[in-house]
Amino acid sequence: MKRAIALLALTSLTACSYFGSDDELVTASEPDANTQVAAAAEPAGVKSITPPQSASTLAIANAWALISPKGAKVAAGYFVVANGGIESDRLVSATSPRAARTEIHEIVLEGTVAKMRPVAGGIEVPPGGSAVLKEDGLHVMFIDVDAPFTEGETIPVTLTFEKAGNVDVTMKVRRGGQNIARH
Ligand SMILES: [Cu+2]
(Lines give C-alpha, C1' and ligand atoms only; values in the text may rest on other atoms or scores of the structure.)
Protein backbone atom coordinates (compact mmCIF):
# COMPACT_ATOMS: atom_id res chain seq x y z
CA MET A 1 0.00 0.00 0.00
CA LYS A 2 2.75 2.37 0.90
CA ARG A 3 4.51 1.66 -2.34
CA ALA A 4 1.35 2.32 -4.29
CA ILE A 5 0.94 5.68 -2.62
CA ALA A 6 4.52 6.61 -3.36
CA LEU A 7 4.12 5.73 -7.01
CA LEU A 8 0.95 7.74 -7.19
CA ALA A 9 2.72 10.63 -5.56
CA LEU A 10 5.43 10.43 -8.18
CA THR A 11 2.85 10.49 -10.92
CA SER A 12 1.17 13.48 -9.39
CA LEU A 13 4.35 15.41 -8.83
CA THR A 14 5.48 14.73 -12.34
CA ALA A 15 2.14 15.84 -13.68
CA CYS A 16 2.48 19.09 -11.78
CA SER A 17 5.92 19.57 -13.33
CA TYR A 18 7.19 20.20 -9.85
CA PHE A 19 10.11 17.92 -10.27
CA GLY A 20 10.19 17.15 -13.95
CA SER A 21 11.00 13.59 -14.80
CA ASP A 22 13.64 12.80 -12.23
CA ASP A 23 12.30 9.50 -11.01
CA GLU A 24 14.54 9.44 -7.98
CA LEU A 25 12.81 12.32 -6.36
CA VAL A 26 9.78 10.66 -4.86
CA THR A 27 10.33 7.23 -3.51
CA ALA A 28 9.04 5.11 -0.73
CA SER A 29 11.41 5.53 2.12
CA GLU A 30 11.80 4.87 5.77
CA PRO A 31 13.17 7.44 8.18
CA ASP A 32 16.91 7.33 8.50
CA ALA A 33 18.38 5.50 11.42
CA ASN A 34 19.51 8.85 12.69
CA THR A 35 16.05 10.34 12.71
CA GLN A 36 15.52 9.02 16.15
CA VAL A 37 15.45 11.96 18.43
CA ALA A 38 16.48 11.94 22.02
CA ALA A 39 13.65 11.14 24.34
CA ALA A 40 11.99 13.83 26.33
CA ALA A 41 14.46 15.58 28.57
CA GLU A 42 12.05 15.61 31.47
CA PRO A 43 9.16 13.36 32.30
CA ALA A 44 5.71 14.81 31.82
CA GLY A 45 4.43 16.46 34.93
CA VAL A 46 7.81 17.49 36.25
CA LYS A 47 7.47 20.53 38.46
CA SER A 48 9.32 23.62 37.52
CA ILE A 49 9.22 27.22 38.62
CA THR A 50 10.65 28.32 35.30
CA PRO A 51 8.16 29.29 32.65
CA PRO A 52 8.51 27.46 29.34
CA GLN A 53 11.28 28.92 27.21
CA SER A 54 10.97 29.34 23.50
CA ALA A 55 12.25 26.36 21.54
CA SER A 56 13.71 24.79 24.64
CA THR A 57 11.47 21.74 24.54
CA LEU A 58 11.80 20.98 20.85
CA ALA A 59 14.59 18.92 19.31
CA ILE A 60 15.05 18.91 15.57
CA ALA A 61 17.02 16.23 13.78
CA ASN A 62 17.82 15.02 10.30
CA ALA A 63 17.06 18.30 8.55
CA TRP A 64 17.74 17.85 4.86
CA ALA A 65 16.52 18.98 1.48
CA LEU A 66 16.16 17.15 -1.75
CA ILE A 67 18.54 17.87 -4.60
CA SER A 68 16.52 19.54 -7.35
CA PRO A 69 16.81 19.21 -11.11
CA LYS A 70 18.37 21.94 -13.20
CA GLY A 71 15.88 24.73 -13.76
CA ALA A 72 13.52 23.61 -11.01
CA LYS A 73 11.64 26.45 -9.34
CA VAL A 74 10.56 24.44 -6.31
CA ALA A 75 12.30 22.17 -3.84
CA ALA A 76 11.38 20.13 -0.79
CA GLY A 77 12.86 19.80 2.68
CA TYR A 78 12.38 17.44 5.58
CA PHE A 79 13.19 16.99 9.25
CA VAL A 80 12.05 15.32 12.42
CA VAL A 81 10.95 17.34 15.42
CA ALA A 82 10.47 15.87 18.88
CA ASN A 83 8.63 17.61 21.67
CA GLY A 84 10.14 17.03 25.11
CA GLY A 85 7.71 19.39 26.77
CA ILE A 86 4.38 18.83 28.41
CA GLU A 87 2.37 20.93 25.99
CA SER A 88 1.51 20.35 22.39
CA ASP A 89 3.16 22.61 19.88
CA ARG A 90 2.54 23.20 16.22
CA LEU A 91 4.69 23.96 13.21
CA VAL A 92 2.82 26.79 11.54
CA SER A 93 5.18 28.12 8.88
CA ALA A 94 8.68 28.20 7.49
CA THR A 95 10.79 30.71 5.62
CA SER A 96 14.09 30.61 3.79
CA PRO A 97 16.18 33.28 2.08
CA ARG A 98 16.49 30.80 -0.80
CA ALA A 99 12.79 30.85 -1.69
CA ALA A 100 10.29 33.59 -2.38
CA ARG A 101 7.65 31.56 -0.62
CA THR A 102 7.66 28.52 1.62
CA GLU A 103 4.72 26.32 2.52
CA ILE A 104 4.10 23.28 4.70
CA HIS A 105 2.67 20.54 2.49
CA GLU A 106 1.08 17.17 2.87
CA ILE A 107 0.41 14.50 0.29
CA VAL A 108 -3.18 13.34 0.13
CA LEU A 109 -5.03 10.90 -2.03
CA GLU A 110 -7.85 12.35 -4.07
CA GLY A 111 -9.48 9.31 -5.58
CA THR A 112 -6.52 7.49 -7.05
CA VAL A 113 -4.33 10.55 -7.47
CA ALA A 114 -1.92 11.74 -4.81
CA LYS A 115 -1.64 15.48 -4.58
CA MET A 116 0.32 17.95 -2.54
CA ARG A 117 -1.50 20.67 -0.69
CA PRO A 118 -0.77 23.10 2.15
CA VAL A 119 -1.49 21.64 5.56
CA ALA A 120 -4.42 23.44 7.12
CA GLY A 121 -3.45 24.67 10.57
CA GLY A 122 0.10 23.39 10.45
CA ILE A 123 1.61 20.20 11.87
CA GLU A 124 1.03 19.21 15.46
CA VAL A 125 3.96 18.06 17.57
CA PRO A 126 2.40 16.31 20.57
CA PRO A 127 4.06 16.41 24.00
CA GLY A 128 6.36 13.43 24.37
CA GLY A 129 5.93 12.74 20.68
CA SER A 130 7.25 13.88 17.36
CA ALA A 131 6.35 14.90 13.84
CA VAL A 132 8.15 13.43 10.87
CA LEU A 133 8.53 15.24 7.58
CA LYS A 134 9.75 12.81 4.94
CA GLU A 135 9.86 12.17 1.26
CA ASP A 136 6.49 10.58 0.71
CA GLY A 137 4.64 12.65 3.28
CA LEU A 138 4.74 15.97 5.03
CA HIS A 139 7.36 18.38 3.72
CA VAL A 140 8.50 21.94 3.56
CA MET A 141 7.90 23.23 0.03
CA PHE A 142 10.23 25.92 -1.23
CA ILE A 143 8.55 27.88 -4.01
CA ASP A 144 10.32 30.14 -6.52
CA VAL A 145 13.79 29.26 -5.33
CA ASP A 146 16.65 31.53 -6.33
CA ALA A 147 18.55 28.54 -7.73
CA PRO A 148 18.07 24.77 -7.76
CA PHE A 149 19.37 23.02 -4.67
CA THR A 150 22.62 21.23 -5.40
CA GLU A 151 24.08 18.27 -3.57
CA GLY A 152 26.16 19.15 -0.55
CA GLU A 153 25.05 22.73 -0.10
CA THR A 154 23.14 23.87 2.96
CA ILE A 155 19.81 25.66 3.03
CA PRO A 156 19.05 28.00 5.93
CA VAL A 157 15.46 27.68 7.07
CA THR A 158 13.55 29.31 9.89
CA LEU A 159 10.75 27.18 11.26
CA THR A 160 8.01 28.91 13.19
CA PHE A 161 6.22 27.03 15.93
CA GLU A 162 3.08 28.24 17.63
CA LYS A 163 4.59 28.15 21.11
CA ALA A 164 8.33 27.73 20.68
CA GLY A 165 8.56 30.56 18.18
CA ASN A 166 11.28 30.66 15.55
CA VAL A 167 13.81 27.86 15.28
CA ASP A 168 16.64 28.11 12.77
CA VAL A 169 17.75 24.94 11.05
CA THR A 170 20.17 24.14 8.28
CA MET A 171 19.06 21.61 5.69
CA LYS A 172 21.81 19.69 3.98
CA VAL A 173 21.02 18.95 0.35
CA ARG A 174 21.29 15.36 -0.76
CA ARG A 175 19.75 12.86 -3.11
CA GLY A 176 16.54 11.17 -2.07
CA GLY A 177 15.56 7.55 -1.80
CA GLN A 178 18.61 6.53 0.16
CA ASN A 179 16.61 4.40 2.53
CA ILE A 180 14.14 2.80 0.21
CA ALA A 181 11.96 0.22 1.87
CA ARG A 182 11.49 -2.93 -0.15
CA HIS A 183 8.09 -4.52 -0.05
CU1 LIG B 1 4.85 20.15 -1.81
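All figures in this text were calculated on a predicted structure; none of them were measured in a lab.

*Asks:* For the overall build of the protein, give the residues involved together with the corresponding values.
*Replies:* Scanning the protein from terminus to terminus reveals one helix and ten strands. Each helix and strand of the protein, ordered N terminal to C terminal, gives the series α-β-β-β-β-β-β-β-β-β-β. Of all 183 residues assigned to the protein, the portion counted as buried reaches 32%. Considering only contacts in the protein between residues 6 or more positions apart, those separated by 24 or more positions represent 72%.

*Asks:* Lay out the pairing of strand β10 (residues 165-174) with the relevant residues and their values.
*Replies:* Where strand β1 (residues 58-66) and β10 come together, three bridges link them in parallel fashion. The partner of Ala 65 across the bridge, within β10, is Val 173. Where strand β9 (residues 154-161) meets β10, eight bridges bridge the pair, whose relative direction is antiparallel. Residue pairing across strands places Leu 159 opposite Val 167, the latter belonging to β10.

*Asks:* I'd like to hear about the nonpolar core, residue by residue, with values.
*Replies:* One finds Ala 65 and Ala 75 to be the most contacted residues of the largest nonpolar core, which totals 32 residues. Going through the elements one at a time, β1, β2 (74-83), β3 (89-95), β4 (99-110), β8 (139-145), β9 and β10 are the ones with two or more residues in this core. Those residues in contact with Ala 75 that sit more than four places away from it in its chain are Ala 65, Leu 66, Ser 68, Phe 142, Val 145 and Phe 149.

*Asks:* Could you give an account of the confidence of the model for the protein, naming the residues involved and the relevant values?
*Replies:* This prediction gives the protein a mean pLDDT of 78; 66% of its residues lie at or above 70. Note that pLDDT drops below 50 for residues 1-40; the model gives that stretch 78 contacts with residues more than four away or on any other chain.

*Asks:* Go over unusual backbone geometry, please, and point to the residues and values.
*Replies:* The phi dihedral of Asn 62 falls on the positive side, at around 55 degrees, and the residue is not glycine. Tracing the sequence through the fold places Asn 62 in strand β1. With 20 C-beta atoms packed within 10 Å, Asn 62 lands in the buried category. Phi angles above zero are rare outside glycine, and Asp 144 is one such case at about 55 degrees. Its location among the elements puts Asp 144 in strand β8. The class of Asp 144 is exposed, set by 11 C-beta atoms lying within 10 Å.

*Asks:* Summarise the environment of Phe 161; cite the residues concerned and give the values.
*Replies:* Mapped onto the elements, Phe 161 comes out in strand β9. Spatially, the C-alpha atoms of Phe 161 and Leu 91 are 4.4 Å apart, while their sequence positions differ by 70 residues. With residues near it in sequence (within four places) discarded, Phe 161 still touches Leu 58, Asp 89, Arg 90, Leu 91, Val 92 and Val 167.

What counts and how
- Residue numbering note: each chain is counted from 1, following its sequence as written.
- It should be noted that, the model being predicted, local features are given only for residues of pLDDT at least 70 and side-chain atom pairs only at 80 or more, the latter also being counted only at that level, while totals for whole chains, interfaces and linings use all residues.
- The way it works is that DSSP assigns letters per residue, a run of H or I at least four long becomes a helix, a run of E at least two long becomes a strand, and they are numbered from the N terminus.
- Three exposure classes are used. Buried residues have 20 or more other C-beta atoms within 10 Å of their own C-beta, exposed residues have 12 or fewer, and partly exposed residues fall in between, all C-beta atoms being placed from the backbone.
- Once C-beta atoms have been placed from the backbone, residue pairs whose C-beta atoms lie within 7 Å are recorded as contacts.
- Whether two strands pair depends on DSSP finding at least two bridges between them.
- Think of a nonpolar core as buried Ala, Val, Leu, Ile, Met, Phe, Trp, Tyr and Cys residues chained together by C-beta atoms that fall within 7 Å.
- Here pLDDT means the predictor's own confidence in every residue, given as a number from 0 to 100.

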